[in-house]
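The residues making up each chain are set out below.
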Amino acid sequence: MSTARPSPAPAADAPQPARLGIAISLALAAAVSLGLARFSYALLLPPMRADLGWSYFTAGAMNTVNAAGYLAGALLLPRALARWDARHVLLAGGAGAALALALHGLVAGDGLLFMLRFLTGLASAATFVAGGLLAARLAQRATRPGLVLGLYYGGTGLGIVLSALVVPPLAGGAAAHAWQHAWLALGALAALCTAITAATTGTLAAHPSAAGGGQQVRWAAFGWLLAGYLMFGLGYIGYMTFVVTLLREQGLAPRLIVAFYVLLGLGVVASSWLWAGLLQRWRGGQPLALLNGLLAAATMLPVVSAHPVAVFASGALFGAVFLSVVAATTAFVRHNLPPAAWPAGISAFTIVFAAGQIVGPSITGWVADGPGGLARGFVLSAAALALGAGLALKQRPLG
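Reference entry: report on the structure contained in this document. Not measured: the values here are computed from a predicted model. (Residues numbered from 1 in each chain as written. Predicted model: local features only at pLDDT ≥ 70, side-chain atom pairs only at ≥ 80, totals over all residues. Heavy atoms only, no water.)

What about the overall build of the protein chain?
Here is step 1 of the chain: Helix and strand counts for the protein chain stand at 15 helices and zero strands.
Here is step 2 of the chain: Scaling as 2.2 N^0.38, a compact globule of 399 residues should have a C-alpha radius of gyration of about 21 Å, and the protein chain matches this with 19 Å.
Here is step 3 of the chain: Based on the C-alpha atoms only, the size of the protein chain along its principal axes is roughly 60 × 40 × 35 Å.
Here is step 4 of the chain: In the protein chain, which comprises 399 residues, the share counted as buried stands at 60%.
Here is step 5 of the chain: By element, 69% of the accessible surface of the protein chain is carried by carbon and sulfur atoms, the whole surface being about 13700 Å².
Here is step 6 of the chain: Between the mean site of the 20 positive side-chain charges and the mean site of the 6 negative ones, the protein chain shows a separation of 17 Å. (Helix = DSSP H or I, 4+ residues; strand = E, 2+ residues; numbered from the N terminus. Rg over C-alpha atoms; globule rule 2.2 N^0.38 Å. Buried < 20%, exposed > 50% of the residue type's maximum accessible area, 1.4 Å probe, protein only. Areas by Shrake-Rupley, 256 points an atom, 1.4 Å probe, with all protein chains shown as cover. Lys, Arg positive; Asp, Glu negative; His and termini not counted. Charge placed at Lys NZ, Arg CZ, Asp CG, Glu CD.)

Quick look at the structure:
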């Protein structure tokens, strides 16, 4: 097993403004892999459910299958990164996600949609994990490494904002399967973002010998943080899958729902600056514990009150926090492991994250199909997040 320290990416030697520019270009990959490929589904779920006659369980299962594809991609990534440059893996995943999203707009059968959700998750994992590795290497010599990581993960918010602006006008028509037009538009946006990333990150690389052939890690060493992150994956995805449906059921006006989702996306973008200091300062599980606790509170707000003030406060807080949980795990890896072990560390957290997301949507949908409806499903999600906060708090820095 090789323990040699990999050489940093060429961009790590670039001036600070250039590093931030490259981080913003990488952020478009996060916009594709999560913002467009996954979180846009919350906006598409209500018209698809009404058109196709889905139960909440079936609606949730679509995101469960997407998470299963993401897990499969995460398991395959170490081998892919050992063979190909991480930037090439990122771009291939972005292109694959764009194609899969566009194909959603050409089918209407549940079986084909399940298959496409799986393939989208598979491609998203390639983009998101490879992008996280490149962002970690870019942060290695940055003046504010927490900001570099935050910018990358905050890029998801750009995808959420784009989805909020594009999906409702296209998916709300009276024509049969009007939601298909929105999927086609999402595919086109994903292709455009991937093309921009390809054109602006040419100096950034993590060569196969550096990206996939490094040290392995003992998961037990950060088991408390992995357990807290598992609960995050289980809890947050229930909110992100069903929150738009809950707000529609509570009678919130369509224009306010669009504004809510835009605010949530802008919160994700702002999180790059809000939590950069926290991620840089703490080496243990404290950041993840705090962020999970805030997410639990945000998840309960629309259950406690359907007033627009409570709803918008929930969206702003949730958006400003949830992707910083992902950034916190990358920061933990960067603080506590040698660079040769970063790919293995990031993969460990990605696998656990995906496992939680597999369970979360289906179990939330199953609970929502019973007495209490979606509100009870949200209570379950909040409880998982609160448990995750307690587990993460037990994690100490590694020696």
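Let's pick the thread back up.
Description of the packing of helix 9 (residues 223-249) against helix 14 (residues 342-368)
Here is step 1 of the chain: In contact at an axis separation of 7 Å, helix 9 and helix 14 are set at 40° when each is read in the N-to-C sense. As the angle between them shows, helix 9 and helix 14 are arranged oblique. The handedness of the crossing between helix 9 and helix 14 comes out as right-handed. Counting all contacts with helix 9, which are made through Leu225, Leu226, Tyr229, Leu230, Phe232, Gly233, Leu234, Tyr236, Ile237, Gly238, Thr241 and Phe242, the residues of helix 14 involved are Ala348, Phe349, Val352, Phe353, Ala355, Gly356, Gln357, Val359, Gly360, Pro361, Thr364 and Gly365.
Here is step 2 of the chain: For the contact of helix 9 with helix 14, the class distribution of residues is 16 nonpolar, eight polar and no charged. (Axes fitted to C-alpha atoms, helices over the stretch in contact; angles between N-to-C directions. Parallel < 35°, antiparallel > 145°, perpendicular 65-115°, else oblique. Left-handed = near helix turned anticlockwise from the far one by under 90°. Contact = heavy atoms within 4.5 Å. Nonpolar A, V, L, I, M, F, W, Y, C, P; charged D, E, K, R; others polar.)

Details of the packing of aromatic side chains
Here is step 1 of the chain: Counted under the stated rule, the structure contains 20 aromatic pairs.
Here is step 2 of the chain: Ring plane angle 15° and centroid distance 4.8 Å describe the contact between Phe232 and Tyr236, whose orientation is recorded as stacked. With Phe232 and Tyr236 both in helix 9 and four residues apart, the pair spans about one turn of that helix.
Here is step 3 of the chain: When its relative accessible area of 1% is taken as the criterion, Tyr236 is described as buried. (Phe/Tyr/Trp six-rings, centres within 6.5 Å; stacked < 30°, edge-to-face > 60°.)

Some thoughts on a nonpolar patch on the surface
Here is step 1 of the chain: Together, Phe57, Val359, Ile363, Trp366 and Leu380 give the surface a local cluster of nonpolar side chains, amounting to about 450 Å² of exposed area.
Here is step 2 of the chain: Here the nonpolar patch takes three residues from helix 14, the largest share from any one element.
Here is step 3 of the chain: On the basis of relative accessible area, Ile363 is assigned to the partly exposed category, the value being 31%. (Patch = residues over 30% accessible without salt bridge, like charges linked within 9 Å, V, L, I, M, F, W, Y side chains within 5 Å. Salt bridge = Lys/Arg side-chain N within 4 Å of Asp/Glu carboxyl O.)

Focus: the environment of Ala296
Here is step 1 of the chain: With respect to the helices, strands and loops of the structure, Ala296 is situated in helix 12 (residues 286-304).
Here is step 2 of the chain: Measuring from C-alpha to C-alpha, the distance between Ala296 and Ala135 comes to 28 Å, with 161 residues separating the pair along the chain.
Here is step 3 of the chain: When near neighbours in sequence (up to four residues on either side) are disregarded, Ala296 contacts Ala382, Leu385 and Ala386.

Description of the side chain of Thr299
Here is step 1 of the chain: Relative to the elements of secondary structure, Thr299 occurs in helix 12.
Here is step 2 of the chain: If near-sequence neighbours (up to four positions away) are discounted, Thr299 is found in contact with Tyr239, Phe318, Phe378, Ser381, Ala382 and Leu385.

Observations regarding helix 14
Here is step 1 of the chain: With 27 residues, helix 14 ought to run about 39 Å at 1.5 Å a step, and its terminal C-alpha atoms sit 39 Å apart, in line with that.
Here is step 2 of the chain: Burial runs high along helix 14: 22 of the 27 residues are buried. (Expected span 1.5 Å × (residues − 1).)

So, the packing of helix 2 (residues 41-52) against helix 9
Here is step 1 of the chain: Relative orientation of the contacting elements helix 2 and helix 9 amounts to 50°, with a least axis distance of 7 Å. Judged by the inter-axis angle, helix 2 sits oblique to helix 9. As for the relative orientation of helix 2 and helix 9, their crossing is right-handed in sense. Across from Tyr41, Ala42, Leu43, Leu45 and Pro46 in helix 2, the residues of helix 9 making contact are Met240, Thr241, Phe242, Val244, Thr245 and Arg248.

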